[in-house]
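Structure at a glance
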Amino acid sequence: MLKKLIGSNLQELQEIALSYGMPKFSGRQMADWLYKKKVGSIEDMTNLSKSFRERLSKDYCVGVPSCLSVAESKDGTKKYLFPVESGGAVETVMIPESDRVTLCVSSQNGCKMNCSFCMTGRGGFRGNLTAAEIISQYLGVDEMDRITNTVFMGMGEPFDNYEAVMRSIEILTSDWGFGWSPKRITVSTIGVLPSLKRFLDESKCHLAVSLHNPFSEERGEIMPAERAFPVADVVALLKQYDFSGQRRVSFEYTMFAGVNDSGRHCNALAAMLSGLECRVNLIRFHKIPESRFSPSPDVVMERFRDKLNSHGILCTIRASRGQDISAACGMLAGKKA
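The rules we used
- Residue numbers run consecutively from 1 along every chain, following the written order of its sequence.
- For this predicted model, a pLDDT threshold of at least 70 governs which residues receive local features, and a threshold of 80 or more governs which side-chain atom pairs are given and counted, while totals over whole chains, interfaces and linings are taken from all residues.
- Based on all heavy atoms of the structure, the side-chain values leave hydrogens and waters out of the count.
- Classification of ring pairs uses Phe, Tyr and Trp, with its six-membered ring standing for Trp, and accepts pairs whose centres are within 6.5 Å; under 30 degrees between planes counts as stacked, over 60 as edge-to-face, and the remaining range as tilted.
- Charge-over-ring contacts are defined here by two conditions on Lys NZ or Arg CZ: a distance within 6 Å of the ring centre and an angle within 35 degrees of the ring normal.
- UniProt positions are given in the numbering used here, feature names are shortened, and annotations may be inferred rather than shown by experiment.
- Going along the chain from the N terminus, every DSSP run of H or I of four or more residues is numbered as a helix, and every run of E of two or more is numbered as a strand.
- Each residue is assigned to one of three classes by its accessible area relative to the maximum for its type, calculated with a 1.4 Å probe on protein chains only: buried under 20%, partly exposed between the two thresholds, exposed over 50%.
- What makes two residues a contact is simply this: any of their non-hydrogen atoms within 4.5 Å.
- Two kinds of site are reported from a 1 Å grid over the protein atoms alone, namely cavities, where a 1.4 Å probe fits but cannot get out, and pockets, open sets with protein on both sides within 12 Å along at least five of seven lines, and residues are called lining when an atom falls within 4 Å of a point.
- Grid points are joined across faces, edges and corners, and a volume is the space filled by probe spheres set on the points.
- In this classification, Asp, Glu, Lys and Arg are treated as charged, Ala, Val, Leu, Ile, Met, Phe, Trp, Tyr, Cys and Pro as nonpolar, and every other residue, Gly included, as polar.
- Take the buried Ala, Val, Leu, Ile, Met, Phe, Trp, Tyr and Cys residues and link them wherever side-chain atoms come within 4.5 Å; each set so joined is a nonpolar core.

**Focus: the packing of aromatic side chains**
Scanning all chains against the criterion turns up 14 aromatic pairs. Considering the side-chain rings of Phe178 and Trp180, the 5.7 Å spacing of their centres and the 80° angle between planes classify their relative orientation as edge-to-face. Lying across the ring of Trp33, Lys37 places its NZ or CZ 4.0 Å from the centre. Of note, Lys38 hangs over the ring of Phe178, and the distance from its end group to the ring centre comes to 5.9 Å.

**Quick notes on the UniProt feature "active site" (unreviewed entry) in the protein chain**
Summarizing the sequence annotation, UniProt attributes the feature "active site" (unreviewed entry) to Glu91 and Cys329 in the numbering used throughout. Spanning 239 residues, the named residues form one tight spatial group whose C-alpha atoms are at most 12.0 Å apart. Positionally, Glu91 belongs in strand S5 (residues 89–96). With relative accessibility at 1%, the residue Glu91 sits in the buried group.

**Looking at the environment of Met144**
Note that Met144 resides in the loop between helix H5 (131–139) and strand S9 (149–152). Sequence separation of Met144 and Ser195 is 51 residues, and the distance between their C-alpha atoms is 29 Å. Among all residues touching Met144, those that are not within four sequence positions of it are Lys38, Tyr138, Leu139, Phe178 and Trp180.

**Re the UniProt feature "binding site: [4Fe-4S] cluster" (unreviewed entry) in the protein chain**
Per the UniProt record, "binding site: [4Fe-4S] cluster" (unreviewed entry) is found at Cys111, Cys115 and Cys118. By the element assignment, Cys111 lies in the loop between strand S7 (108–110) and helix H4 (119–122). Apart from the residues lying within four places of it in its own chain, the contact partners of Cys111 are Thr120, Gly121, Gly124, Phe125, Gly156 and Glu157. Mapped onto the secondary structure, Cys118 falls in the loop between S7 and H4. Residue classification places Cys118 among the buried positions, given a relative accessible area of 18%.

**Some points on empty space enclosed by the protein**
Overall, the coordinates contain 1 cavity of 30 Å³ or more when judged by the stated rule. Computed from the structure, the largest cavity encloses a volume of approximately 50 Å³. Together, Pro65, Phe82, Pro83, Val84, Val90, Glu133, Ser136 and Gln137 line the largest cavity. Only strand S4 (78–83) and H5 provide two or more residues apiece to the lining of the largest cavity. Per-class residue counts for the lining of the largest cavity are 5 nonpolar, 2 polar and 1 charged.

**Details of the layout of surface pockets**
The calculated volume of the second largest pocket comes to roughly 170 Å³. What lines the second largest pocket is Leu2, Lys3, Lys4, Ile6, Gly7, Ser8, Glu12, Glu85, Thr130, Ala131, Ala132 and Arg167. Those elements giving two or more residues to the lining of the second largest pocket turn out to be strand S1 (3–4) and H5. Of the residues contributing to the lining of the second largest pocket, the split by class is 4 nonpolar, 3 polar and 5 charged.

**Remarks on the nonpolar core**
Grouped together as the largest cluster of nonpolar side chains are 104 residues, with contacts concentrated most on Tyr138 and Phe251. By residue number, the principal contributor to this core is helix H6 (residues 162–173), which donates 7 residues. Ignoring any residue separated from it by four or fewer positions in sequence, one finds Phe251 in contact with Val209, Leu211, Val235, Leu238, Leu273, Leu276, Cys278, Arg279, Val280 and Asn281.

As structure tokens, then:
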């Protein structure tokens, strides 16, 4: 099987070039073709010698797979399905707005976290994605050149696949890669503490924490990871860092009728986040098969939002996108819509 060039960093590409007797700068030329010019084959790398391309093609390919299917929502959201080496497929969601195009990418094939309100967790865990498979999601969508920002909020827990996610961010932000500002990238997590601390120390990207309930016992009932990584410990760690500058931290809070949408929950959430520069995004629950949860009514969500704002916690209600093609939050399952 041919090895993939996609997912390699500059040093690795330089080492590949040297191994074929080529000058070191050929590695940067390959990076330019892969990540800036976005070629589909080694043959297209025309400033490399023909003999080098021929030899390289015997061992390597670019490695971006064709998507298996594309579904488009009535609101313009598109869901792409990409094959992965661990079997099955993962989903990538493109969300267009007036002046923005957001790409929501997956980091794992399935998920170990088993949150009871999420379709991805129901399907079990089938493997981590490689950096090549993560970067291929960017290169494989029609809107690649129009992407303004990206969120690691698709299938999987990004900090359960930390090395590959950070390798992907290196490619996205390096001058030899896509050259993006870290401010264009948000990584979401349930709060995997060891990797979260590394991320805060090693990255300048934005952070989103899936919170969903401020009470530990109640959160543990819907998010088993609470037992290993209590949200109180997550917030305590975040309060050691400065989010008053360019980096942001937000908290994702999916609202379930009669479960986490009361005044008691709102007050506890405000108390927990007091003193932390952050925002809370309220998310409508999107019904999934055989779920015991129901979405909170709009009036309840609006009351919750207004009360948090009155406590000095910036809070908004996130618009639902792509629900008709099962592309909204918590609905990704690695299958055709």
